[in-house]
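Inside the fold
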Amino acid sequence: MTGVQTCALPISYACSLATLVARSNPTKRVLLIDCDLRRSAVAQLLKAPQDAGTLDQYLEKGRPLGEVLSRSADSGLFFIAAKSDTPNSAELLASEAMAQLIEAFRDKFDLIILDTPPVMAVSDPRVVARLADFAVFVGRWEKTARDIAATAFKLLAEVAPSAGVVLTQVDLKRHAKYGYSDYAASRSEEHTSEIQSH
């Protein structure tokens, strides 16, 4: 299963999610690919080795996959880091080499998460979403503008086989005033169980 996450926030929620799933399911093989070739964050967040290869090196220079694939000793999460300010990032992500990389890993991992820059900022997320089984737009409750979230979701839904929206930092007490507290809690537990089972 391959999913792409695009975020309206300056934090890699894909990295947090991938780490959580990997730790919660030690028998599952989880891979995080940093597809943000403009402002990469995964290498720093996961403390990638200095000599580790990057996604752009594989796509542009043909560096072997074994040299770009790293693994976190803390969580067991496999990951491929990226280099910031990579020229022609959209073209690289749309290349045949990128499609071949995803196909090569589909049978080797239970879950592949593709982390991208914000969908409203650049075209890269829409390019990557075509390679995924589903796409998720992540926004912050009462911070991400509703019209931006709606537009971003529409852009993803046009190219991804399936798409959804996740809101972070929801104020549960304020949310309960709308009468959906029990429903929200049950749905949260349901989705958590579903993620951990994959």
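Conventions used here
Residues numbered from 1 in each chain as written. Predicted model: local features only at pLDDT ≥ 70, side-chain atom pairs only at ≥ 80, totals over all residues. Heavy atoms only, no water. Buried < 20%, exposed > 50% of the residue type's maximum accessible area, 1.4 Å probe, protein only. Helix = DSSP H or I, 4+ residues; strand = E, 2+ residues; numbered from the N terminus. Pairing = 2+ DSSP bridges. pLDDT = per-residue confidence, 0-100. Contact = heavy atoms within 4.5 Å. Phe/Tyr/Trp six-rings, centres within 6.5 Å; stacked < 30°, edge-to-face > 60°. Salt bridge = Lys/Arg side-chain N within 4 Å of Asp/Glu carboxyl O.

Bringing the pairing of strand β2 (residues 30-34) into the picture now. When you tally the buried positions in β2, you get five out of five residues, the bulk of the element. The side-chain alternation of β2 yields two buried faces, one formed by Val30, Leu32 and Asp34 and the other by Leu31 and Ile33. Both β2 and strand β5 (residues 111-116) contribute to a ladder of five bridges, which runs parallel. Bridge assignment links Val30 to a residue of β5, and that residue is Leu111. Judged from the three bridges that link them, β2 and strand β4 (residues 78-80) form a sheet pairing that is parallel.

A few words on the confidence of the model for the chain. Segments scoring low in pLDDT should not have their predicted coordinates read at a detailed level. The share of residues in the chain with pLDDT of 70 or more is 80%, and the mean pLDDT across the chain is 79. For the chain, the element scoring lowest by mean pLDDT is helix α10 (residues 181-197), at 46; β4 scores highest, at 95. Here residues 4-10 is a poorly scored stretch, pLDDT under 50, and it has 36 contacts once near neighbours within four places are set aside; other chains count.

The final tally for this structure, using the stated rule, is two aromatic pairs. Residues Phe78 and Phe109 carry aromatic rings whose centres are separated by 5.2 Å and whose planes lie at 75° to one another, so their mutual orientation is edge-to-face. Note that Phe78 is positioned in strand β4 and Phe109 in the loop between α6 (96-106) and β5, a separation of 31 residues in sequence. Each member of the pair, Phe78 together with Phe109, is buried. Ring geometry for Phe105 versus Phe109: centroids 5.4 Å apart, planes at 80°, classification edge-to-face. Given the relative accessible area of 6%, Phe105 is considered buried. With a relative accessible area of 5%, Phe109 lands in the buried category. Put simply, the rings of Phe78, Phe105 and Phe109 touch in pairs and so form one group of aromatic residues.

We now examine the pattern of salt bridges. Oppositely charged side chains can pair when the atoms bearing their charge come close. Inspection of the entire model under this criterion finds five salt bridges. Among the salt bridges present, the one from Glu67 reaches Arg63, with a minimum N-O distance of 2.8 Å. Arg63 gets classed as partly exposed once you look at its relative accessible area, which sits at 24%. A single network of salt bridges, built from pairs that share partners, joins Glu103, Arg106 and Asp133.

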